[in-house]
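Per-entry structural report
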Protein chains: 2
Amino acid sequence: MRWWGWGADRDAAPLPPAAEAMLRAEIGWTPRTTPPVALQDVALPQLALDPAVRSELVAIVGAGHVCDDRLTRVAHAVGRSLIDLLRVRAGDGSTAPDAVVFPADHDEVAGVLAACARGGVAVVPFGGGTSVVGGVETVHEGFAGAITLDLARLDRVVDVDGRSLLATLGAGLTGPQAEAALAARGLTLGHFPQSFEFATIGGFVATRSAGQASTGYGRIDALVRGLRMAAPAGDLAVAPVPASAAGPALRELLVGSEGTLGVITQATLRVHRAPAATRTEAWAFPSFAAGCEAFRALAQAGAAGTIMRLSDEDESRMALGLDGDRWGPAYLRLRGQRTPCLAIVAHEGTARGVRLRSLRTLRTLRRAGAVYLGTGAGGTWRDGRFAAPYLRDALLDRGVLVETLETATTWTGLAALHAAVRAALHEALCSQGTPPLVACHVSHLYPTGASLYFTALARQAPGRELEQWRAAKAAASDAIAAHGATITHHHAVGRDHAPWLHHETGDLGLDALRALKATLDPTGIMNPGKLLFARPAA
Amino acid sequence: MRWWGWGADRDAAPLPPAAEAMLRAEIGWTPRTTPPVALQDVALPQLALDPAVRSELVAIVGAGHVCDDRLTRVAHAVGRSLIDLLRVRAGDGSTAPDAVVFPADHDEVAGVLAACARGGVAVVPFGGGTSVVGGVETVHEGFAGAITLDLARLDRVVDVDGRSLLATLGAGLTGPQAEAALAARGLTLGHFPQSFEFATIGGFVATRSAGQASTGYGRIDALVRGLRMAAPAGDLAVAPVPASAAGPALRELLVGSEGTLGVITQATLRVHRAPAATRTEAWAFPSFAAGCEAFRALAQAGAAGTIMRLSDEDESRMALGLDGDRWGPAYLRLRGQRTPCLAIVAHEGTARGVRLRSLRTLRTLRRAGAVYLGTGAGGTWRDGRFAAPYLRDALLDRGVLVETLETATTWTGLAALHAAVRAALHEALCSQGTPPLVACHVSHLYPTGASLYFTALARQAPGRELEQWRAAKAAASDAIAAHGATITHHHAVGRDHAPWLHHETGDLGLDALRALKATLDPTGIMNPGKLLFARPAA
C-alpha cells in the first residue's frame, strides 16, 4: 500500500470530470493541488528502541524480520483515516515505530511480547493497517521504545472443518487470501468490509468489524467461535463451541480488544457454503423514510437480503451526479421520483433460494413505492464497492476534505439520529466557512435497528485541516452520544473514539475493562493510548 | 413452589404404572418409599445476620420485606438440582439464608447491596430459584451473615417498543408473566426453558440460558440488547443498540454473571411477533446418527424448525416404554424401525411461512429415512413439555436417582462426545452397583454444532445418594472437558460446574474475570462460592 494513501499506484483512480462539477456545485470547491510531501521529507522520531531489547527481538524473529528502514517505518506510522492521511501527507511521521517486527507464528509473538514487557517497550499489533480510528499509531512517551508487530507472516490456514463449517485461520491472512483458501473448498467467510483487500483476519476480529454483506452473513463477532491470543501475562484460548452458558463470555472480551490486551494470533470462524448464485438489484425509493420502513419490515420478517444498502437523498443526489447514467435518471423522473433514494438489495445462495428471496423482497419494496432499477446498476455498484478509498486519495490531492463515520441505533431512534448527526456536521463545518455535503446510508440491518454511515465532503481549510475535521468529528460524536447510539458500529474505538466510550460503558464499566487489561497486560505495553485510555488528540 | 420439590401440590404427577415397569426392567428398581422430612425437621443454620445490617435492610425495603420465617428460609435454601433436593428432602437446610429480602426496585437493590457491602454480609440474588447447578445456595463462612435477595417484586414491564421489537422487562417477571404482557401486544420473547413456569427474566439473563425454542428464537444471550445492573461498586447500564464495534462487549460480561458481579435489575430484550401458526411434528429416524445428519443439514441450510429435538436410541426406548401408544409403535415396526430415534420438529410463524418451512424440512427428513408420526404425537409432546420436573418428585419419592446434564460441541465432535459422556455415566454408576439408564437428546441446533442433553436414571444408593451422583457427575464433566466441549450449554456454572470452568477459560482467563469481579464487587459479597470460585462441594 502507498504510504500516503490507499492501495497500489496501479489502482489509483483519478477524479472524474463529473466529480469536479459536483464538488463545485455542492461545496463551492475550486481546483487546488495538495500533493503529499516526498518520502524523505516525512519527519520521523529519533530511534529510541533499547538496544538490548532490539537484540532480543532479532534473536526471536531473525534479523531480516526486524525492520527500521524509512519506508517501513512510515508505512506503519498511521492508519487510513482522514486525520492519519492529512498528517502523513504533510510530513508528520511522529507516530512511526522504532522498528517493525514480523513474527512467524504464535510462539514468536509470545516471545516478542515477553521481551517488550521486560524492556518496557510499547507494542502495536498491525494487520492491514487500514484502521480509520487511529488504531495503529505508536506511542513513545513513557516507554523504552515502541514497535509495531506486523502479523503478515501469520498467514496459515490452520484447519478447515467443512462438516462443522468452521475455519481456523491465521491472524495475518488478508481478506482475499482467506477467501481464496476457503473458495478452494467451496466455502466463504462472507466478510467484506471496504478495507477487504488489505485488512486481515486478526484485524477483523480485533476491531469487531462488519462487512458489506454482514446483514446476510453476520458481523465478525457473530462468526468468531474460537480464538487464540498471546498476551504479556500468557496465552488465552477459547474453544470453538457453538454456544455456552459457562459464565461471562471471555470470547467477547477478546473480540474487539483492538490489540490492547494481547495479540490475536488465530481465529476459528464460522464459514458458509459459497453461494452458487448472486443477484444484486438496484432500487429507488421515493424518500429515505419510506426506504427505512421497507428495510425494517424486511429485517423483522427475516427476509432481508445478503447486502442491504439505502442512501439518503443527499447521498443519492451525489451518486446520480457522479455517475448518473448508471441509475437511469430519466426513468426515475418519469416514475415521479424527483429526489430518489437509491438502494442496493443483493441476494446470495442457491439459485432457487435467490429467486425465492428476491420475489419475497420485491413485494415489500414495491409496496413502499420503490422503483426497480435492474441488476445492471446493482452489478456496477458491486464491481466498484471497494473503490471509495482510492477516490479519496484523488480528493485529498485536490484540496477536498472527505471522511466517513458511522453509528447504529434502534429503528425507533434512526430518523432522529440521522437528522442530528447531519445537523452536527453541517453546523460544525459551515461555522468554519466550509459548508459540507453530508451523505448517509443505512448499510446493516438487524431486527431491532440499523447502522448509519455518513460521508462528509468539504473544501479543506488550508493550514488547519486537522482542526477543521476534529471539530466536525467531535460535534458528530457528541450528537451520537446524546442520542444513546453507539459511537461505532464497525470502525472500532482506537484513539479517535476513546473519549466517547464511557457513554456506552459508564465509568464503572470502563474501570472493569481496565482491571481486565491490567491482568492480561500488567505493564501496559499493549497498544497504549487506544480504546480504554482516552488521551488528548495528537 | 413446594420447598422440597417442583411446582405446587395441585400439579403433582404420580408415577404412572408404565414407568414402574420400565424402571424395573431398565435399572432393576424395586419399589421403595423415600419421602421428604417434615418442614420442621429441616435443620437450619443459627441466624447470624448482624442486627445493625438487618435494621438497615428493614429501613430500605420495609419490615414486611425482610423475612426469616422457617418456610421462607427453607424455600430459599437450595435450587432444584438432584443434589439440592436430596439434601433438603433429607433435612439439610445448612445453605439457607439468614433472611430473605424482597426489594421493590433498582434503587432498593442498590441500597441493600451497599448495606451488605459495608456490613460484610453475603448476598445471593434469587429469581425463580430453579438453578440446577447450586446457583442460589448461601455461603455463611467468612461473612457477617448471608441474605437472599428475592427479586419477585421487580416485576414491571418497563417499556415495549413494538417498532424496534424491544421490550424492557423487570428482572423479577416470571416466564409466564413476561409472555402474558407481551402477548397483549402481539409479541413473544420465545424463551421457554423447562423452568419457564417459575424462572425469571433476570435469571434467564444471569445464567445465559437457552429454551426449548431457542433454535428458532435464539438463546437469551442473542436476545439481550440492553441491561441494568446494581453492583456493590455502583450501577452499570448497557444501552440497547442493535450492534456495536465499541471494544470488548461489556454486555457479554454481565450476561452469564450468575449474581457474582451484581444484580441484573432489568433487561431490554429482542422480542418477536407472536406466531399466528404453530405446527409440531413428530418423526422417527432409523438411528441417532441419521437424525443428527439430517438436523445438521437443516441447521446449515438455515432451514431448521423453531424447536428441533432428537432423542437417541435409549431415550426413545424410554419414551416408547412410558407412553408407547402416543408414538404408534406398531406403525414404526411396520416401517422397519426396530430402534427408532424419536424427534420433534416444530415450526412457528405465519400460516404460510409454517407451511413452506414444514415442506422444506420434510424433504430433508424423508431423505434421511425418517418416518412421519404426525402432529398428534407432536402436540402431546408440546403439551407435556414442562412436566419432567414434576415427574422427578415422584421418582425421588420412590428411591430413584434422576438427574440431567448438558453440553454442546461441534457437529464433527458430537458423536464422540455422546459416546464418551454415556460411557462415563454408565461406568460411574455401574461401578457403584446401580446400573443406569442414560438417555440423551439433541435439543439446540447451530450451523457449527449442537447441544446434547443427558438424563440419567438409577436406583438410589441408600445413605450415600449424594456421593453416588457426585461421582457420576464428575465422571461426565471430566469426559466433557476432555472432549473440548462446554461444561454447560444452558444450565450455567454455579457451584457445581465451577471446578471445570478453567478448562474453558484457562487459568489466565479466569484471573481476568476475577479481576473484573474485584472491580464490581470489591468485598466479594456477591453470590460467593459460585462461578469464578471453585470450592469443595458441600
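Residues numbered from 1 in each chain as written. Chains lettered and ligands numbered in written order. Predicted model: local features only at pLDDT ≥ 70, side-chain atom pairs only at ≥ 80, totals over all residues. Heavy atoms only, no water.

Take the relation of the copies chain A and chain B next. Rotating chain A by 180° about the axis while translating it 0.0 Å along that axis superimposes it on chain B, leaving an RMSD of 0.0 Å. Both chain copies can therefore be described as sitting about a two-fold axis. (Least-squares fit on C-alpha atoms with pLDDT ≥ 70 in both.)

To continue, consider the sheet that holds strand E1 (residues 66-67) of chain A. Residue and element names in this part refer to chain A. If you trace the four strands from one edge of the open sheet to the other, you get E1-E2-E4-E3, paired in mixed fashion. The sheet is open, and its two edges are formed by E1 and strand E3 (122-126), each paired on a single side. The sheet strands contacting helix H5 (residues 106-119) are strand E2 (99-101), E3 and strand E4 (146-150), and the helix crosses E4 at an angle near 175°. (Pairing = 2+ DSSP bridges. Helix = DSSP H or I, 4+ residues; strand = E, 2+ residues; numbered from the N terminus. Contact = heavy atoms within 4.5 Å. Axes fitted to C-alpha atoms, helices over the stretch in contact; angles between N-to-C directions.)

Where the parts come together, the accessible area they lose is often given as the size of the interface. Between chain A and chain B, the contact holds 73 residues from the first and 73 residues from the second. When the two sides are added together, the surface that chain A and chain B hide from each other amounts to roughly 5,300 Å², 63% of it contributed by carbon and sulfur. The largest contributions to the chain A side of the interface with chain B come from A:Arg163, A:Pro248 and A:Leu508, which together make up 13% of the buried area. Connecting chain A to chain B are two salt bridges. The partner of B:Arg163 in a salt bridge is A:Glu293, and the shortest N-O contact between them spans 2.9 Å. Counting across the interface, chain A meets chain B through 28 residue pairs in polar contact (both at pLDDT 80 or more). (Buried area = accessible area lost by both parts, 1.4 Å probe. Salt bridge = Lys/Arg side-chain N within 4 Å of Asp/Glu carboxyl O. Polar contact = N/O pair within 3.5 Å; in protein donor to acceptor, adjacent residues only side chain to side chain.)

In this section: the packing of helix H11 (residues 288-300) of chain A against helix H14 (residues 351-367) of chain A. Packed helices, taken two at a time, are described by the angle their axes make and the gap between the axes. Residue and element names in this part refer to chain A. H14 packs onto H11 with a crossing angle of 150° between their chain directions and a minimal axis gap of 9 Å. Taken together, the axes of H11 and H14 lie roughly antiparallel to each other. Note that H11 runs across H14; the crossing there is right-handed. Between H11 and H14, the contacting residues are Ala294, Phe295, Ala297 and Leu298 on the first element and Thr361, Thr364 and Leu365 on the second. Among the residues forming the contact of H11 with H14, the class breakdown is five nonpolar, two polar and no charged. (Parallel < 35°, antiparallel > 145°, perpendicular 65-115°, else oblique. Left-handed = near helix turned anticlockwise from the far one by under 90°. Nonpolar A, V, L, I, M, F, W, Y, C, P; charged D, E, K, R; others polar.)

Residue and element names in this part refer to chain B. For strand E4 (residues 146-150), the buried fraction is high: five of the five residues fall into the buried class. Relative to E4, strand E2 (residues 99-101) is paired through three bridges, and the arrangement is parallel. Looking at the pairing, Ala99 lines up with Ile147 of E4. Sheet topology places strand E3 (residues 122-126) next to E4; five bridges connect them, and they run parallel. When the sheet's bridge partners are listed, Pro125 is paired in E4 with Leu149. (Buried < 20%, exposed > 50% of the residue type's maximum accessible area, 1.4 Å probe, protein only.)

This next bit is on the side chain of B:Thr95. All names here are of chain B. By the element assignment, Thr95 lies in the loop between helix H4 (82-89) and E2. For Thr95, a relative accessible area of 5% gives the class buried. A distance of 3.0 Å separates a polar atom in the side chain of Thr95 from a polar atom in the side chain of Arg87. If we skip the residues at most four places from it in the chain, Thr95 touches Ala77, Val78, Arg87, Glu137 and Thr138.

This next bit is on the sheet that holds strand E14 (residues 341-349) of chain A. Residues and elements named next belong to chain A. Taken in spatial order, the seven strands of this open sheet run E15-E12-E14-E13-E17-E18-E16, and their pairing is antiparallel. On the outer flanks of this sheet lie strand E15 (371-373) and strand E16 (400-410), each paired with one strand and no other. Averaged over all pairs of adjacent strands, the angle between their axes in this sheet comes to 20°, without regard to strand direction. For strand E12 (residues 277-285) and E15, the ladder comprises two bridges, and the chain directions are antiparallel. Along E15, the bridge assignment pairs Trp283 with Tyr372. Running over the sheet, helix H1 (residues 17-27) touches E16, strand E17 (437-445) and strand E18 (449-459) and is turned about 90° from E18.

With that settled, the discussion passes to H1(A). Residue and element names in this part refer to chain A. Inspection of H1 places Ala19, Glu20, Met22, Leu23 and Ile27 among the buried residues, and these make up the whole buried set. In a view along the axis of H1, the buried residues occupy a sector of 165°, so they form one face of it. Projecting away from the buried face of H1 at angles above 90 degrees are the exposed residues Pro17 and Ala25. Contacts made by the buried residues of H1 are with helix H12 (313-327), helix H16 (388-397), E16, E17 and E18. Phi for Gly28, located one or two positions after H1, is positive at around 65°. (Arc of directions from axis to C-beta.)

Before going further, it helps to examine the packing of aromatic side chains. Residues and elements named next belong to chain A. In total, this model carries 10 aromatic pairs over all chains according to the counting rule given. Look at Phe285 and Phe295: their rings are 6.0 Å apart centre to centre, the planes differ by 80°, and that puts the pair in the edge-to-face class. One end of the pair, Phe285, is in strand E12; the other, Phe295, is in helix H11, and 10 residues separate them in sequence. Exposure remark for Phe285: the relative accessible area of 0% places this residue in the buried category. Members of the aromatic cluster, each reached through a chain of ring pairs, are Phe192, Phe196 and Phe386. The aromatic ring of Phe192 is capped on one face by Arg385, whose charged end is 5.1 Å from the ring centroid. (Phe/Tyr/Trp six-rings, centres within 6.5 Å; stacked < 30°, edge-to-face > 60°. Lys NZ or Arg CZ within 6 Å of the ring centre and 35° of its normal.)

Let us look at the environment of B:Val74. Residue and element names in this part refer to chain B. Turning to its location among the elements, Val74 is positioned in helix H3 (residues 70-75). By relative accessible area, Val74 is classed as buried at 1%. Spatially, the C-alpha atom of Val74 lies 41 Å from that of His347, the residues being 273 residues apart in sequence. Discounting residues that sit within four places of it in the chain, Val74 has contacts with Trp3, Leu39, Val42, Leu44 and Val88.

On average, residues of chain A score 95 in pLDDT, and 99% of them are at 70 or above. Segment residues 534-538 of chain A: pLDDT under 50, and eight contacts once partners within four positions in sequence are set aside and those in other chains are kept. (pLDDT = per-residue confidence, 0-100.)

With the rule as written, the count across this model stands at 52 salt bridges over all chains. In this structure, A:Arg87 engages A:Glu137 in a salt bridge whose closest nitrogen and oxygen atoms are separated by 3.4 Å. Taken together, the positions of A:Arg87 in helix H4 (residues 82-89) and A:Glu137 in the loop between E3 and E4 put the pair 50 residues apart, joining distant regions of the chain. The closest approach of N and O atoms between B:Arg309 and B:Glu315, which form a salt bridge, is 3.6 Å. By relative accessible area, B:Glu315 is classed as buried at 6%. Each of A:Asp84, A:Arg87, A:Asp92, A:Glu137, A:Arg495 and A:Asp496 takes part in salt bridges that share partners, so that together they form one network.

Residues and elements named next belong to chain B. Taken N-terminus to C-terminus, the directions of helix H2 (residues 51-61) and helix H5 (residues 106-119) make an angle of 170°; their axes are 10 Å apart at the nearest point. Considering the angle they form, H2 stands roughly antiparallel to H5. Only Glu108, Gly111, Val112, Ala115, Cys116, Arg118 and Gly119 of H5 make contact with H2, whose side of the interface consists of Val53, Glu56, Leu57, Ile60 and Val61. Grouping the amino acids of the contact of H2 with H5 by side-chain chemistry returns seven nonpolar, two polar and three charged.

All names here are of chain B. With 15 residues, helix H12 (residues 313-327) should cover 21 Å at 1.5 Å per step; its first-to-last C-alpha distance of 14 Å lies more than 12% under that length. Taken as a whole, H12 carries its principal kink of about 80° at Gly321. Turning to H12, its buried residues number three or more, namely Asp314, Glu315, Ser316, Met318, Gly324 and Trp327. Immediately beyond the C-terminal end of H12, within one or two residues, lies Gly328, with a positive phi of roughly 70°. (Expected span 1.5 Å × (residues − 1). Bend = angle between axes of the 7 residues up to and from the residue.)

Counting residues in hydrophobic clusters, the biggest one holds 231 residues, and the most contacted among them are A:Phe295 and B:Phe295. Contacts of B:Phe295, omitting those with residues within four sequence positions, involve B:Phe285, B:Met308, B:Arg309, B:Leu310, B:Ala343, B:Ile344, B:Val345, B:Leu365, B:Trp411, B:Val442 and B:Leu445. (Core = buried A, V, L, I, M, F, W, Y, C linked by side-chain atoms within 4.5 Å.)

Residue and element names in this part refer to chain A. Locating Ser131 in the fold gives a position in the loop between E3 and E4. One polar contact links the side chain of Ser131 to the main-chain amide nitrogen of Gly135, over a distance of 2.8 Å. Once residues lying within four places of it in the same chain are set aside, the contact partners of Ser131 are Gly79, Arg80, Ser81, Asp84 and Val136.

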